Amino acid sequence: MDYRERLKEMINERALKVSDRPIFKLSSGKMSTYYMDLRTITLDPEGGFIIGNLIFEMIKDRNPDAVGGLTLGADPISYATALISYINRKPIKPFVVRKEPKGHGTGKQIEGNVKPGEKVFIVEDVVTTAGSSLKAAKVARDFGLEILGIIAIVDREEGGEENIRKEGFDFFPVFKISEFLNR
Ligand SMILES: O=P(O)(O)OC[C@H]1O[C@H](OP(=O)(O)OP(=O)(O)O)[C@H](O)[C@@H]1O
Ligand SMILES: O=C(O)c1cc(=O)[nH]c(=O)[nH]1
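If you check an unreviewed UniProt entry, the chain appears there as Orotate phosphoribosyltransferase from Persephonella marina. According to UniProt, the comment filed for the chain under the heading Sequence similarities (unreviewed entry) is "Belongs to the purine/pyrimidine phosphoribosyltransferase family. PyrE subfamily." The UniProt entry for the chain carries this comment under Catalytic activity (unreviewed entry): "orotidine 5'-phosphate + diphosphate = orotate + 5-phospho-alpha-D-ribose 1-diphosphate".

Below, the structure written as structure tokens:
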């Protein structure tokens, strides 16, 4: 079984929760009959290894300097991709975008070893409205990073892609929700 197939199996077995009533509250405030708890996979040795490999393969030929996104969902994805990139002798640095600038110390909103002018991909576990990934992309762009695109493990196909493209960013989902659910 290839990495994508195995990841799909893990999502079906572990991450996808479905109800006949809209019991899941989303980040946008909307209620949903299903929820993708991808942290059960991104924060897992096999899941992290597979995701790191899949994303590294997706981005390596664009020669990005770094990969990162909005904490918390993006963090294990960025770290896994960075570790796999190093093993493959093509290091891509991870970075973290805080939800708000740090209130003391450095006052930074972007943590990591990135510098203005570097090329980056923004990563995300789930895209619904894309509010979170666009926040990360805009903070990164304002810092001076060049955004090569936004990558999500799962796109819920609820307008996120349109919102991302409206802002002028490319979007590369690994899966669309229609591969898991008929809605
Ligand atoms: O496309 P959107 O409408 O923005 O929704 C998707 C976002 O919601 C979840 O994060 P959440 O807001 O639960 O925050 P967390 O990562 O801090 O848990 C998920 O990890 C995405 O970041
Ligand atoms: O929209 C969200 O907040 C959201 C949906 C989902 O399926 N999974 C998740 O982690 N967040």
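1. Some details on the side chain of N53
Residue placement: N53 occurs in helix α3 (residues 45–59). For N53, the contacting residues outside a window of four places in its chain are Y3 and I84.

2. Here we look at the nonpolar core
In this structure, L7, I11, M36, L38, I153, V154 and F180 are the most contacted members of the largest nonpolar core, which totals 32 residues. Residue assignment for this core shows that the elements contributing at least two residues are α1 (3–15), β4 (34–36), α3, α4 (75–87), β8 (119–127), β9 (146–155) and β10 (171–176). In terms of residues, this core owes the most to one element, α3, which gives six residues. Core analysis: the next-biggest nonpolar cluster, separate from the first, contains 22 residues, F95, A137, I150 and F169 among them.

3. Things to note about the site of ligand 1
Residues in close proximity to ligand 1 total 14 residues, the closest being R39, K99, D125, T129 and S132. Separating an oxygen atom of ligand 1 from a side-chain N or O atom of R39 is a distance of 2.7 Å. Note that an oxygen atom of ligand 1 is positioned 2.6 Å from one of the side-chain N or O atoms of D125. Surface burial for ligand 1 is 80%, taken as the share of its 500 Å² of free accessible area covered by protein chains. Looking at the shell around ligand 1 element by element, the count peaks at four residues for β8. Tallied by class, residues from the shell around ligand 1 come to four nonpolar, six polar and four charged.

4. Considering the pairing of β10
Taken together, the five bridges between β9 and β10 define a ladder with parallel strand orientation. In the sheet register, I151 faces β10, and the bridge partner there is F172. Crossover β9 to β10 through helix α6 (residues 160–166) is right-handed.

5. Quick notes on the UniProt feature "binding site: orotate" (unreviewed entry) in the chain
With numbering matched to this structure, UniProt assigns "binding site: orotate" (unreviewed entry) to T128 and R156. Spatial clustering of the annotated residues is evident: they stretch over 29 residues in sequence, but the largest pairwise C-alpha distance comes to 5.3 Å. Summarising the element assignment, T128 is placed in the loop between β8 and α5 (131–143). A relative accessible area of 16% places T128 in the buried class.

Reading the values: rules and limits
- Numbering of residues starts from 1 in every chain and runs along the sequence as written.
- Ligands are numbered from 1 and chains lettered from A, in the order in which they are written.
- Note on the predicted model: pLDDT of at least 70 is required for a residue's local features to be given, and 80 or more for side-chain atom pairs to be given and counted; whole-chain, interface and lining totals, by contrast, use all residues.
- With hydrogens and water excluded, all non-hydrogen atoms of the structure serve as input to the side-chain values.
- UniProt positions are given in the numbering used here, feature names are shortened, and annotations may be inferred rather than shown by experiment.
- Working definition: helices are DSSP H or I runs of at least four residues, strands are E runs of at least two. Numbering for both runs from the N terminus.
- In this analysis, two residues are considered to be in contact whenever any of their non-hydrogen atoms come within 4.5 Å of each other.
- As used in this record, nonpolar core signifies buried Ala, Val, Leu, Ile, Met, Phe, Trp, Tyr and Cys residues forming a set joined through side-chain atoms within 4.5 Å.
- Each residue is assigned to one of three classes by its accessible area relative to the maximum for its type, calculated with a 1.4 Å probe on protein chains only: buried under 20%, partly exposed between the two thresholds, exposed over 50%.
- Note on definitions. A residue lies near a molecule or strand when any single heavy atom of the residue is within 4 Å of it.
- Nitrogen and oxygen atoms within 3.5 Å of one another constitute a polar contact, given that in protein one can donate a hydrogen and the other can accept it, and given that sequence-neighbouring residues count only through two side-chain atoms.
- Per-residue and other accessible areas follow the Shrake-Rupley method at a 1.4 Å probe size, with only the shown protein chains counted as cover for residues.
- Throughout this entry, Asp, Glu, Lys and Arg are counted as charged residues, while Ala, Val, Leu, Ile, Met, Phe, Trp, Tyr, Cys and Pro are counted as nonpolar. The remaining residues, Gly among them, count as polar.
- Paired strands, in this sense, are two strands between which DSSP finds at least two bridges.
- Note on handedness: a clockwise path from strand one over the helix to strand two, with the strands aimed away from the viewer, defines a right-handed crossover.

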